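Residue-level listing of the chains:
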Amino acid sequence: MENIIITSVLSLVVSFVIIAFIFLENKKNKNFNNELNESFSDLKQQNIILRSEIDELRGGLLNMGKRILQLEQTSQELSQNQQELQYNDPDSKMYSRAVKMVELGAQLDEVMKECELPRAEAELLLSLHQQK
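Residues numbered from 1 in each chain as written. Predicted model: local features only at pLDDT ≥ 70, side-chain atom pairs only at ≥ 80, totals over all residues. Heavy atoms only, no water.

Caption draft 1: Up close: the nonpolar core. Counting eleven residues, the largest nonpolar core is built from Ala98, Met101, Val102, Ala106, Leu108, Val111, Cys115, Leu117, Ala122, Leu125 and Leu126. Every element with two or more residues in this core is listed here: helix 2 (90-103), helix 3 (108-115) and helix 4 (119-131). Beyond its immediate sequence surroundings of up to four residues, Leu126 is in contact with Val102, Ala106 and Leu108. (Core = buried A, V, L, I, M, F, W, Y, C linked by side-chain atoms within 4.5 Å. Buried < 20%, exposed > 50% of the residue type's maximum accessible area, 1.4 Å probe, protein only. Helix = DSSP H or I, 4+ residues; strand = E, 2+ residues; numbered from the N terminus. Contact = heavy atoms within 4.5 Å.)

Here's what the structure looks like:
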């Protein structure tokens, strides 16, 4: 009978130790779970902030892209206008012809006569060409 009591007491003690162990582990798990929930909440908040910043950057990039396209179109238009003015300006044709003549070795009087340039301008073109 004494064996049964000792066995019963031992079983009771072991059961108590197991229950205490389970209780402590459960408490640890709850604490760990709470920490994980807090971390998860922080990460969710950071994710929301980052998504908001990405949306702002995306919007800015789209606006910048539109502006770049507008600037490219304006640049092309200006370039075309400049070329048209260059070809339509009779004075620029005259100076272009005078420069070609000087490059081919024409004399001062010949450049003045053919291009109808004043002496000072013809001399300037000659002196510039001789410097090259």
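Caption draft 2: Structural detail: unusual backbone geometry. Of note, Glu116 is a non-glycine position whose phi angle comes to about 55°, a positive value. Relative to the elements of secondary structure, Glu116 occurs in the loop between helix 3 and helix 4. Glu116 gets classed as exposed once you look at its relative accessible area, which sits at 66%.

Caption draft 3: Fine view of a nonpolar patch on the surface. A grouping of Met1, Ile5, Val9, Val13, Phe16 and Val17 is seen on the molecular surface, where their side chains present a nonpolar patch of about 650 Å² in accessible area. Topologically, Val13 is positioned in helix 1 (residues 2-88). Owing to a relative accessible area of 45%, Val13 belongs among the partly exposed residues under this scheme. (Patch = residues over 30% accessible without salt bridge, like charges linked within 9 Å, V, L, I, M, F, W, Y side chains within 5 Å. Areas by Shrake-Rupley, 256 points an atom, 1.4 Å probe, with all protein chains shown as cover. Salt bridge = Lys/Arg side-chain N within 4 Å of Asp/Glu carboxyl O.)

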